[in-house]
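Remarks on the overall topology
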Protein chains: 2
Amino acid sequence: MRFSISANDGAARTGLLHLRHGSVATPAFMPVGTLGSVKTVSPIEVRASGAQILLGNTFHLMLRPGPDVIRAHGNLNRFMDWDRPILTDSGGFQVWSLANSRDVEEAGVTFRSPIDGSSIFLGPEESISMQSVLDSDIAMVFDECTAYPVSRDKAGASMERSMRWARRCRDAHNNAGQCLFGIVQGGMHVDLREISLQSLVDIGFDGYAIGGLSVGEPKDLMLSIVESITPQMPVKCPRYLMGVGKPEDLVRGVMVGIDMFDCVIPTRNARNGWLYTRSGIVKIRNSKYRMDLRPIDDSCVCLTCERFSRAYLRHLVTSNEMLGLRLCTVHNLHYFQRLMADMREAIQKMKFSAFVQEFFDSPTHR
Amino acid sequence: MRFSISANDGAARTGLLHLRHGSVATPAFMPVGTLGSVKTVSPIEVRASGAQILLGNTFHLMLRPGPDVIRAHGNLNRFMDWDRPILTDSGGFQVWSLANSRDVEEAGVTFRSPIDGSSIFLGPEESISMQSVLDSDIAMVFDECTAYPVSRDKAGASMERSMRWARRCRDAHNNAGQCLFGIVQGGMHVDLREISLQSLVDIGFDGYAIGGLSVGEPKDLMLSIVESITPQMPVKCPRYLMGVGKPEDLVRGVMVGIDMFDCVIPTRNARNGWLYTRSGIVKIRNSKYRMDLRPIDDSCVCLTCERFSRAYLRHLVTSNEMLGLRLCTVHNLHYFQRLMADMREAIQKMKFSAFVQEFFDSPTHR
């Protein structure tokens, strides 16, 4: 892996992250391909949106279809016909948020499968092994996510365990072409976050992520953690803010120097009929769009906006036609990728402050 | 409309049906675009399957989105971004099969909307008017479908009413660029079917359809009606067997001189994970496909077979990922269109008997 930063504008930066399956322009937004597909769309449509890297969920893919099926195909890329880079999460967050009867010990986590109730063990070594089967370009360390709210003592103890697990992940990792990123934990305590970051830097990773946010805390608290810790992260390594977020969160993240994001918001909101535009969110189910012949966003060049009216999309979505969810997803993915491309261009031209000003002055974010 | 037959091989024939939005090679299979989309796929994918004409449902589109929305877009083609020919059914069959509290009188049918329970009236003039709003290339007369089983008297009375309605449709029709097809009724009684056909020919239509089949009767009875009535239909006009069918039904229909078919089987079965291949149906949910790296059908050149394994499709379908239903639909649509193309080629080469022999000798149809 090589990470070359081509321009800095304030704390914001733009560059290229060179990975095994190709280069990724940063700041980058990764669509989430939970179960080996970005929900409702094909790899061709993900590519057409401008996405250069996507995220795969180790937890979900471990349960379905299971490592043997992925291994038989060679890797996750070939299984799902995606020829660009993939980042896999470690499963830590999903074990914490989705699994039943969780039993966390120093060795790892035993939980009941939400699919068939069977007992499954996932620890640092198992996560690294599964991510090696998926053979992603970037693997993440297996960590424990801290709930919100939680006492300082508990947050500290959990963070320290995550750091011991990070060391075990580093030691277990032996996939030469695959990068490994550490994850900063420590709940809402900046001093714990700083200790966590230093521990990770001491171990040494290819990149560093901020985890354990967007877990129910107020938005301002989340942003204050990001604003405090990001400037302390190694300047020459990619910085990844996990599970974030809305367009305004992406802009705020880039402002303080974040390089990578992932979130289900564009795809999940699309399936709820919430469509992003430069002039605000279009809730396509609304009856006011019944006869609206305009595209979702007349400045958008996605397939959906080029060929279909709001009235047609509203008809499909209210009639529960699957094509509607897909066309909405195509648009939202395109919106998020264009936002990232616009930010990269603004940073390159040293006009990011003006971009931010204009962005937050727009009707969407007033 | 112009219908030019380029070859006859026995009773089977192949030719070109020239319509407002383009030419259709016959025998043709029309995918069903119920609500302004062929379920799960985009117009681009329908086109790529080889389909040259699709069917739109007047009944469904009248209820949702309603005629005013279609009219605002110009026509159904522009509403759904399909630039090739469309045939619309009249709504007669859906009123009969889907509507609640049906009250059939000489004027037409009053029924409760399955969407919101409101009272709606649909008669011959209303159907023709709605089909003119949809502005399809081919409109169908509004008819009454006869149940199975039913007494000869009832079948006769129902057929006679359908013929009076056919006359009213002909009189009401005033869309110059749109063809109008009559529909032969008469239940399972060949003599009633013959009377019906003569009535339609006396009125004069651009093409003739066989309706009221596939309503619960044994398959052999259905085929015997088709085999009896088709040879009596005007030789120079397109002959359309409505709502049929499985691949073997299409072959049997072409054998006796049918030119057009429509059916939800390829799309509905795809959404159930039943995939057509030359060597039989692949039920993709079956656990035996869990590790199967082969495409659905290695002789198929559809997008699905070119890029994805059975194991991947099984994973998507069993995980309820929408992409799976779409990839299955792409394949089945392609299979049906290839079957039609193969039949057209065999007829053109005067080798249709050999084609039929080989088809029914294959594992699928033994």
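Here the focus is the pairing of strand β2 (residues 12-19) of chain A. Residue and element names in this part refer to chain A. The element β2 is largely enclosed, with a buried count of six among its eight residues. Of the pairings in the sheet, the one linking strand β1 (residues 2-9) to β2 comprises seven bridges and is antiparallel in character. Paired with Ile5 across the bridge in β2 is Gly15. Between β1 and β2, which pair antiparallel one after the other, the connecting turn spans two residues, and Gly10 there sits at a positive phi close to 65°. Of the strand pairs in this sheet, β2 and strand β3 (residues 22-26) are connected by five bridges, and their pairing is antiparallel. Residue pairing across strands places Leu16 opposite Ala25, the latter belonging to β3. If you look at the hairpin formed by β2 and β3, you'll find two residues sitting between the two strands.

All right, on to unusual backbone geometry then. Cis geometry marks the peptide bond from A:Thr26 to A:Pro27, where omega comes out at 0°. Of note, the amide linkage connecting B:Val244 to B:Gly245 takes the cis form, showing an omega dihedral of 5°. Structurally, B:Gly245 is set in the loop between β14 (239-241) and α10 (247-255). The phi angle at A:Thr40 is positive, at roughly 80°, despite the residue not being glycine.

A separate point is the packing of helix α6 (residues 124-134) of chain A against helix α7 (residues 152-172) of chain A. The description of two packed helices rests on the angle between their axes and on the distance between the axes. Residue and element names in this part refer to chain A. Axis separation between α6 and α7 bottoms out at 8 Å; the angle between their running directions is 45°. For the element pair α6 / α7, the angle class is oblique. Read as a crossing pair, α6 and α7 show a hand that is right-handed. Between α6, through Pro124, Glu125 and Ile128, and α7, the contact on the second element is made entirely by Trp165, Arg168, Cys169 and Ala172. Across the contact of α6 with α7, the residue classes break down as five nonpolar, no polar and two charged.

Thresholds applied
Residues numbered from 1 in each chain as written. Chains lettered and ligands numbered in written order. Predicted model: local features only at pLDDT ≥ 70, side-chain atom pairs only at ≥ 80, totals over all residues. Buried ≥ 20, exposed ≤ 12 C-beta atoms within 10 Å, placed from the backbone. Helix = DSSP H or I, 4+ residues; strand = E, 2+ residues; numbered from the N terminus. Pairing = 2+ DSSP bridges. Axes fitted to C-alpha atoms, helices over the stretch in contact; angles between N-to-C directions. Parallel < 35°, antiparallel > 145°, perpendicular 65-115°, else oblique. Left-handed = near helix turned anticlockwise from the far one by under 90°. Contact = placed C-beta atoms within 7 Å. Nonpolar A, V, L, I, M, F, W, Y, C, P; charged D, E, K, R; others polar.

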